[in-house]
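Topology and contacts: notes
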Amino acid sequence: PDIALNLLFDNRVEDLLRDEVDVAIRVMSEPPQQLVAKELAEVRYVVCVSADYADRHAPPQNLEALTHAPIITSAVVGRQLRLSAYQGALRREVELNPTLASENFQFLREAVLGGLGIGLVPDYVVADDIAAGRVVTALDEWRLSVFGTRMYLLRMPGRYQTLAVRTLIDELVARAREWSRARQPWRTA
């Protein structure tokens, strides 16, 4: 209550101080050492398609099938997208050329639901759709990573935190923990 938020949905915020950002949430492998990082949750990526798409096209049966498929994902502009896939001790890397890329996960979800291609998104983006049968997954035997497998809350060290910012951080951490505990695995890891 009584806290006004100004949210910025941008994966390119690099300098929290310069950009006047109090708190950032990022999915990555390792947080930057110059920032204070609090791990919020594990992130699992899934290969998924709408149920309608699965009726019209066979979902990918192997990682190589993704290299020539219409991929819907978040990508880094100007860089090749590398998918890391793990199965026990086995590690594979596949380079992808997304046909539809956006930083907006709600847009990506809608594109998957619209049958525009094969989604490569964090599981939380489509978890409700999977549970409802609107989306089906493929390659579930692989643990996938695109930008990392951990979600972090980041902030500048030594920066004065208002009561509002401290309250927001506490709330985000508590909700992330609650969400992580309540998460029902809809597939085997």
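Remember, predicted model here, so these are calculated numbers, not experimental data.

1. Some details on empty space enclosed by the protein
Following the criterion strictly, the structure yields 1 cavity of 30 Å³ or more and no others. Of the pockets and cavities examined, the largest cavity occupies roughly 50 Å³. Along the walls of the largest cavity sit Asp 22, Arg 155, Met 156, Arg 159, Tyr 160, Gln 161 and Val 165, which together make up its complete lining. Class assignment of the residues belonging to the lining of the largest cavity gives a composition of 3 nonpolar, 1 polar and 3 charged.

2. With respect to the sheet that holds strand β1 (residues 24–28)
Taken together, 3 strands build an open sheet; the order of strands is β1-β11-β2 and the sheet is antiparallel. Each having just a single partner strand, β1 and β2 (36–42) make up the two edges of the open sheet. Mean inter-strand twist for the sheet, computed between neighbouring axes without regard to direction, equals 30°. Lying on the sheet, helix α4 (residues 163–182) is in contact with β1, β2 and β11 (150–155); it crosses β2 at an angle near 25°.

3. Comments concerning α4
The first and last C-alpha atoms of α4 sit 28 Å apart over 20 residues, in line with the 28 Å expected at 1.5 Å per residue. Among the residues making up α4, those that are buried are Val 165, Ile 169, Val 173 and Ala 176. Burial along α4 is one-sided: seen end-on, the buried residues are contained in an arc of 70°. Of the exposed residues in α4, those oriented more than 90 degrees away from the buried face are Leu 163, Asp 170, Arg 175, Glu 178 and Arg 181. Packing partners of the buried residues in α4 comprise β2 and β11.

Cut-offs applied
- Residues numbered from 1 in each chain as written.
- Predicted model: local features only at pLDDT ≥ 70, side-chain atom pairs only at ≥ 80, totals over all residues.
- Heavy atoms only, no water.
- 1 Å grid on protein atoms, 1.4 Å probe; cavity = no way out; pocket = protein on both sides within 12 Å on 5 of 7 lines; lining within 4 Å.
- Points joined across faces, edges and corners; volume = space filled by probe spheres on them.
- Nonpolar A, V, L, I, M, F, W, Y, C, P; charged D, E, K, R; others polar.
- Pairing = 2+ DSSP bridges.
- Helix = DSSP H or I, 4+ residues; strand = E, 2+ residues; numbered from the N terminus.
- Axes fitted to C-alpha atoms, helices over the stretch in contact; angles between N-to-C directions.
- Contact = heavy atoms within 4.5 Å.
- Expected span 1.5 Å × (residues − 1).
- Buried < 20%, exposed > 50% of the residue type's maximum accessible area, 1.4 Å probe, protein only.
- Arc of directions from axis to C-beta.

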